[in-house]
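Architecture and fold: a report
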Amino acid sequence: QVQFVESGGGLVQPGGSLRLSCAASGTIYRIRSMAWYRQAPEKQRELVALMHNFGTTDYADSVKGRFTISRDDAKNTVYLQMNSLKPEDTAVYYCKWTIMTDKWSTMADYWGQGTQVTVSQ
């Protein structure tokens, strides 16, 4: 059984930085993509950053130039480096991996538990 554990959230002042991590445990047969989403209170969950398995990335317009998604294959971990944070970045951040767990399975989405990021004075 594969699980994904997030860490790195917290309280930071405007202009500050945080790095989120999402580590996978268990067997992964194939990866299609890894992504970070966020959900602010009373808002829909939105895509923040996406990395396809072959390395291309996409970002929401609101975070371009400030956030960077990256991965460490040896650690089975995806990161989200967040710089120049703004109060409007406050949300619960979730990682999502689209994977196959073995060669008989189909591609499916797996979510982390979420980590709170609060940007405030």
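Here's a quick rundown of the structure. On a predicted model such as this, the values are computed, not experimentally measured, just so you know.

Parameters at a glance
- Residues numbered from 1 in each chain as written.
- Predicted model: local features only at pLDDT ≥ 70, side-chain atom pairs only at ≥ 80, totals over all residues.
- Heavy atoms only, no water.
- Pairing = 2+ DSSP bridges.
- Helix = DSSP H or I, 4+ residues; strand = E, 2+ residues; numbered from the N terminus.
- Axes fitted to C-alpha atoms, helices over the stretch in contact; angles between N-to-C directions.
- Salt bridge = Lys/Arg side-chain N within 4 Å of Asp/Glu carboxyl O.
- Buried < 20%, exposed > 50% of the residue type's maximum accessible area, 1.4 Å probe, protein only.
- Phe/Tyr/Trp six-rings, centres within 6.5 Å; stacked < 30°, edge-to-face > 60°.
- Core = buried A, V, L, I, M, F, W, Y, C linked by side-chain atoms within 4.5 Å.
- Contact = heavy atoms within 4.5 Å.

What follows is about the sheet that holds strand β8 (residues 77–82). The sheet built from four strands is open, its strands ordered β1-β3-β8-β7 with antiparallel pairing. The open sheet has two edge strands with one neighbour each: β1 (3–7) and β7 (67–72). When the angles between neighbouring strand axes are averaged without regard to direction, this sheet yields 15°. Bridge count for β7 against β8 is six bridges, and the pairing is antiparallel. The residue of β8 that forms the bridge with Asp72 is Thr77.

Moving on, we come to the pattern of salt bridges. A side chain with one charge may pair with a side chain of the opposite charge, provided their charged atoms come close. All chains considered together, the criterion is met by six salt bridges. Arg38 is paired through a salt bridge with Glu46; the nearest N and O atoms lie 2.7 Å apart. Judged by its relative accessible area of 6%, Arg38 falls in the buried class. Taking relative accessible area as the criterion, Glu46 reaches 34% and is therefore assigned partly exposed. Across the pair Arg71 and Asp73 runs a salt bridge, and its minimum N-O distance is 2.7 Å. Owing to a relative accessible area of 53%, Asp73 belongs among the exposed residues under this scheme.

What describes a pair of aromatic rings is the distance from one ring centre to the other and the angle between the planes of the rings. Going through the model one piece at a time under the given rule, you end up with four aromatic pairs. Measuring from ring centre to ring centre gives 5.0 Å for Phe4 and Trp97, while their planes differ by 35°; the resulting arrangement is tilted. In this pair, Phe4 is assigned in strand β1 and Trp97 in strand β9 (residues 91–100), connecting sequence segments 93 residues apart. Each member of the pair, Phe4 as well as Trp97, carries the same accessibility label: buried.

Attention now goes to the nonpolar core. Phe4, Trp36, Leu80, Met82, Tyr93 and Trp97 are the most contacted members of the largest nonpolar core, which has 30 residues in total. Among the elements of the structure, β3 (18–25), β4 (30–39), β5 (46–52), β7, β8, β9 and β11 (115–119) are those that each provide at least two residues to this core. Per-element tally for this core: the top contributor is β9, with five residues. Ignoring anything within four residues of it in the chain, the contact list for Met82 reads Gly16, Ser17, Leu18, Leu20, Arg66, Phe67, Tyr93 and Val117.

Here β11 shows a clear split, with Thr115, Val117 and Val119 buried on one side and none of Gln116 and Thr118 buried on the other. As defined by bridge partners, strand β2 (residues 10–12) adjoins β11 across three bridges and the pair is classed as parallel. Each bridged residue has a counterpart across the sheet, and for Val12 the counterpart in β11 is Val119.

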